[in-house]
Amino acid sequence: MSRPLMVSVLSALILFILLSLSFVYVFPPETWAELWDKTVMGVPFLLFVSVVSLLIGIASGLMLDFVWRKQRQVVMQALEQIEHGEMGELWREEPSPELQDLWRQIEKLQTQWLEQTKRVQKLAAEKVEQEERLVERILSEERTRLARELHDSVSQQLFAASMMMSAITETMPPDDEQQRKQLKMVEQMIHQSQLEMRALLLHLRPVQLKGKSLQEGMEELLTELTGKVPLEMKWKIEDVPLDKGVEDHLFRILQESLSNTLRHAKAKTVEVLLIERDGFAILRVTDDGVGFDVERSKSGSYGLQHMYERAAEIGGTLKVVSLKGQGTRLEVKVPLVYKGG
């Protein structure tokens, strides 16, 4: 039997006994048989008391059943809320005394579930970060290996071919103009391939400064390029105090910019500037190459878009100005935040 049904039966029985005893106390019969003869509103007393007791008992049971069903529904909703991972407020009203102990257990369960969810999410985030660091390390090592192999093989062979073509061109008879032009074209193709190789090596070489300051890394990179590419390299680099993350991003932007210049600009001169002015660190790269359409390249060039994103990641802005036949100027401005300040 359910609890509401038991309450109904007990309520009817107790009420029947109370009403009967009250009537007997107020109107004591001479014999018990008189109880069958007494009437209330034309109904035999015993029948009247039985019906009234039963009706009141049923009403009490139904009311209790309604209350318990409502409380059970609230409990089930709270458990379903926890099951579905909804960590909002479980109860907006004061629970009934019968449910307070149960409700404390439910709230404790919700708190434990929430803490467990936080721990699981933290472990997942840490795992992803570890995997990203591992992939980044493997990629860096592979890029370094590939750059070294290209430099030791293909780059050296291109240099040797260029030297041989120069020697052959100079020993050609002066009257063989057609063959001289063809050899000159081959020499220019080798020269362009060398520039492409230098640009590729800039992409593949380790992008971290590896303990050097930005000033030291830039000067080392530009000095190395001066002896390897047919460009006039000019630079002015100040010792600007920057965080390591900002230095690394600026160094990568410089590499990407120089790589694009070597591959596409057909420039004769490149100027690099790193200065501090009016609370900003300014990196500027200027060439006298063929120029390009900035708006068209902004959406289609991965390298250019990547530089814009790097500048934004360090709170800076990147501006590119280029005119056809007049060269290109790239400028990055980063708000200067002194170390320890």
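Please read these numbers as outputs of a predicted model, since none were measured by experiment.

A. Spotlight on a nonpolar patch on the surface. A cluster of nonpolar side chains, Leu54, Ile58 and Leu62, forms an exposed patch at the surface whose accessible area comes to about 290 Å². Its location among the elements puts Ile58 in helix H3 (residues 45-83).

B. Spotlight on the pattern of salt bridges. Applying the stated criterion to the full structure yields six salt bridges. Taking the shortest distance from any N to any O, the salt bridge between Glu232 and Lys234 comes out at 3.7 Å. Judged by its relative accessible area of 38%, Lys234 is partly exposed. For the salt bridge of Glu238 with Arg277, the shortest nitrogen-to-oxygen distance reads 3.6 Å. With Glu238 in the loop between strand E3 (232-237) and helix H7 (244-265) and Arg277 in strand E4 (residues 269-277), this residue pair connects regions lying 39 residues apart in the sequence. Taking the relative accessible area as the measure of exposure, Glu238 reaches 25% and is therefore partly exposed.

C. Seen up close, the pairing of strand E7 (residues 327-335). Across eight bridges, the pairing between strand E5 (residues 280-287) and E7 is antiparallel. Of the residues in E7, the one forming a bridge with Ile282 is Lys333. The pairing of strand E6 (residues 317-323) with E7 spans seven bridges and is classified as antiparallel. Looking across to E7, one finds that Val321 is bridged to Arg329. Here E6 hands over to E7 after three residues, with Gly325 in that stretch at a positive phi of 80°.

About the cut-offs
- Residues numbered from 1 in each chain as written.
- Predicted model: local features only at pLDDT ≥ 70, side-chain atom pairs only at ≥ 80, totals over all residues.
- Heavy atoms only, no water.
- Patch = residues over 30% accessible without salt bridge, like charges linked within 9 Å, V, L, I, M, F, W, Y side chains within 5 Å.
- Areas by Shrake-Rupley, 256 points an atom, 1.4 Å probe, with all protein chains shown as cover.
- Salt bridge = Lys/Arg side-chain N within 4 Å of Asp/Glu carboxyl O.
- Helix = DSSP H or I, 4+ residues; strand = E, 2+ residues; numbered from the N terminus.
- Buried < 20%, exposed > 50% of the residue type's maximum accessible area, 1.4 Å probe, protein only.
- Pairing = 2+ DSSP bridges.

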